[in-house]
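Working through the structure, step by step
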Amino acid sequence: MHKALENSSSERTKALLNIEDYHKKAKEKLEKMTYDFYSTGSDDQLTLIDNQAAFRRIKLRPKMLIDVSSHTKQDSTNCQTQILNSTMTIGFPCIIAPTAFHRLVDNENGELATVRAAVAHSTIMCVSTNSSTSMEQVAEEHRRQIKENYPRSTSKLWYQLYVLKDRQYTQKLIKRAEKNGYSAILLTVDTSVPGNRECDVHNNFTLPDGIRAENLVDKDNNYVSKSYHIPFDPSLSWKDLDWIRSITSLPLIIKGIIHPDDARQAVRHGVQGVVVSNHGGRQLDTCLSTIDALPDVIKAVNNENRQIDVFVDGGVRRGTDILKAIALGAKAVLIGRPVLWGLAVNGTQGVYNILEILKKEFRLAMMLCGCQTIDDIRKNDLVVTNVVYNPSKL
């Protein structure tokens, strides 16, 4: 571990102990238009709210008198997770989700600051099509960090893809990702049209000068605008997955699955994974929360002849949330807004601290639930989803 990050983490101010502390601090630092762009959802924001509330509705049923002392060893690997048929290993089951325009919250370093924390924590960073730093620059910094500071890091990069109306340019994006060492394509499928994000309209949201979707600019094309919207293709369908599979050998993970029928279709179309996601409550409001959708997706996938990894994002704010997702069958979670809050507060160090907080909370939850390994979380029948609990009435 890089000593500067390690030491700063151990000296973390007592005022910033959890994700919500970083959220509040980020809200203080960011301009209202920027904060609202990241923090709000579509329509009445009911799905946004329920993503977090649904985790709180799930209760844990811990097991006792199990030796969990191995977690206390300095070189403990109990939290390590293997994904995509054991071709990748991450430090704990938490991946950095694709989010747009990191330079809005850290103008100097943006995605470069985020990728440094990803390498330090041996996790995956999903680089957005709407990244404010080109995929080439992020990949170069990723390689440099591993070579110079973290030679034992198992961090990887995934490229998050929007299929554009211009299929030729879409193919060019995939080939650029291949050329720059990205390990998978993460295809977002829940954006046939942009969601109704009223806060952005109220705020007249525009990108400031100097910040744009760098992956969508080259000498021949410029798909960016001040409004940040890119030309999504509403004709996107299952046949396009077959086309993508035909032009790349990279693993394909599709993000935006809620319905179990879609999970079954994904398996049959040869993808390597799905992310149960409602786009952080930014697309269809009143959509089912992701953790509530997860069990039916897991069941659908398990009933198919070929097994794939299932991930989940949306509403993860505590280590116990990660444990609940794993207990319900997810391989790992993806986090978006918490990374942005860390980045806004303290750049690379802030993102590192966010991941460190979640990892420590997750390890503690494992120990308190009597889990020696990640597999124990799935085996030990730890979650109860039908308990009605209203602390306001106690």
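Residues numbered from 1 in each chain as written. Predicted model: local features only at pLDDT ≥ 70, side-chain atom pairs only at ≥ 80, totals over all residues. Heavy atoms only, no water.

By the naming in an unreviewed UniProt entry, the protein goes by (S)-2-hydroxy-acid oxidase and is assigned to Adineta ricciae. The record in UniProt for the protein states the following under Cofactor (unreviewed entry): "FMN". According to the UniProt record, the Sequence similarities (unreviewed entry) comment for the protein is "Belongs to the FMN-dependent alpha-hydroxy acid dehydrogenase family." (UniProt positions renumbered as here; feature names shortened; annotations may be inferred.)

With that settled, the discussion passes to the overall build of the protein. A count of helices and strands for the protein gives 14 helices and 12 strands. Over its C-alpha atoms the protein spans a radius of gyration of 20 Å, differing by no more than 12% from the 21 Å that the globule rule assigns to 394 residues. Dimensions of the protein, computed from the C-alpha atoms along their principal axes, are close to 65 × 50 × 45 Å. Burial status across the protein gives 58% buried among its 394 residues. In the protein, once contacts between residues fewer than 6 apart in sequence are set aside, the share between residues at least 24 apart is 76%. (Helix = DSSP H or I, 4+ residues; strand = E, 2+ residues; numbered from the N terminus. Rg over C-alpha atoms; globule rule 2.2 N^0.38 Å. Buried < 20%, exposed > 50% of the residue type's maximum accessible area, 1.4 Å probe, protein only. Contact = heavy atoms within 4.5 Å.)

This part is about the packing of helix α5 (residues 111-120) against helix α13 (residues 337-368). The axes of two packed helices give the description: the angle between them and the distance between them. Orientation of α5 relative to α13, taken along the N-to-C sense of each, is 15 degrees, at an axis distance of 8 Å. Classed by the angle they form, the pair α5 and α13 counts as roughly parallel. In the packing of α5 onto α13, the handedness of the crossing is left-handed. Where α5 abuts α13, its residues Ala113, Thr114, Arg116, Ala117 and Ala120 lie against Val339, Leu343, Gly347, Thr348, Val351, Tyr352 and Leu355. Here the contact of α5 with α13 is composed, by residue class, of 8 nonpolar, 3 polar and 1 charged. (Axes fitted to C-alpha atoms, helices over the stretch in contact; angles between N-to-C directions. Parallel < 35°, antiparallel > 145°, perpendicular 65-115°, else oblique. Left-handed = near helix turned anticlockwise from the far one by under 90°. Nonpolar A, V, L, I, M, F, W, Y, C, P; charged D, E, K, R; others polar.)

Within the UniProt annotation, "binding site: glyoxylate" (unreviewed entry) is assigned to Tyr162, Arg197, His279 and Arg282. Within the annotated group, the residues that form the lining of the largest cavity are Tyr162, Arg197, His279 and Arg282. A relative accessible area of 11% means that Arg197 is categorised as buried. With respect to the helices and strands, His279 occurs in the loop between β9 (273-276) and α11 (290-302). Here His279 is in contact with Tyr162, Thr188, Asp190, Thr191, Arg197 and Lys255, once residues within four sequence places are set aside. There is a polar contact of 2.9 Å between the side chain of His279 and the side chain of Asp190. (1 Å grid on protein atoms, 1.4 Å probe; cavity = no way out; pocket = protein on both sides within 12 Å on 5 of 7 lines; lining within 4 Å. Polar contact = N/O pair within 3.5 Å; in protein donor to acceptor, adjacent residues only side chain to side chain.)

Burial within strand β7 (residues 184-188) is extensive, with 5 of its 5 residues counted as buried. Here β7 shows two buried faces, one formed by Ala184, Leu186 and Thr188 and the other by Ile185 and Leu187. Across 4 bridges, the pairing between strand β6 (residues 156-161) and β7 is parallel. Each bridged residue has a counterpart across the sheet, and for Leu161 the counterpart in β7 is Leu187. Traced from β6 through helix α7 (residues 167-179) to β7, the parallel crossover comes out right-handed. When β7 meets strand β8 (residues 252-257), the two strands line up parallel, connected through 4 bridges. From the neighbouring strand, Thr188 faces β8, where its bridge partner is Lys255. (Pairing = 2+ DSSP bridges. Right-handed = clockwise from strand over helix to strand, strands pointing away.)

Our focus in this paragraph is unusual backbone geometry. Residues other than glycine seldom take positive phi values, yet His279 does so here, at roughly 60 degrees. Notably, Thr286 is not glycine yet its phi reads approximately 70 degrees, a positive angle. Inspection of the secondary structure assignment puts Thr286 in the loop between β9 and α11.

Within this structure, the stated rule accounts for 19 salt bridges. Between Arg167 and Asp240 there is a salt bridge, with its nearest N and O atoms 3.0 Å apart. One end of the pair, Arg167, is in helix α7; the other, Asp240, is in helix α9 (residues 238-247), and 73 residues separate them in sequence. Close ionic contact of Lys255 with Asp313 constitutes a salt bridge, the shortest N to O distance being 3.8 Å. Note that Lys255 is positioned in strand β8 and Asp313 in strand β10 (residues 309-313), a separation of 58 residues in sequence. (Salt bridge = Lys/Arg side-chain N within 4 Å of Asp/Glu carboxyl O.)

Looking at α9, one finds that the buried residues are Asp240, Leu241, Ile244 and Ile247. In an axial view of α9, the angular spread of the buried residues amounts to 130 degrees, which keeps them on one side of the axis. Across from the buried face of α9, at angles greater than 90 degrees, the exposed residues are Lys239 and Ser246. Packing partners of the buried residues in α9 comprise β6, α7, β7 and β8. (Arc of directions from axis to C-beta.)

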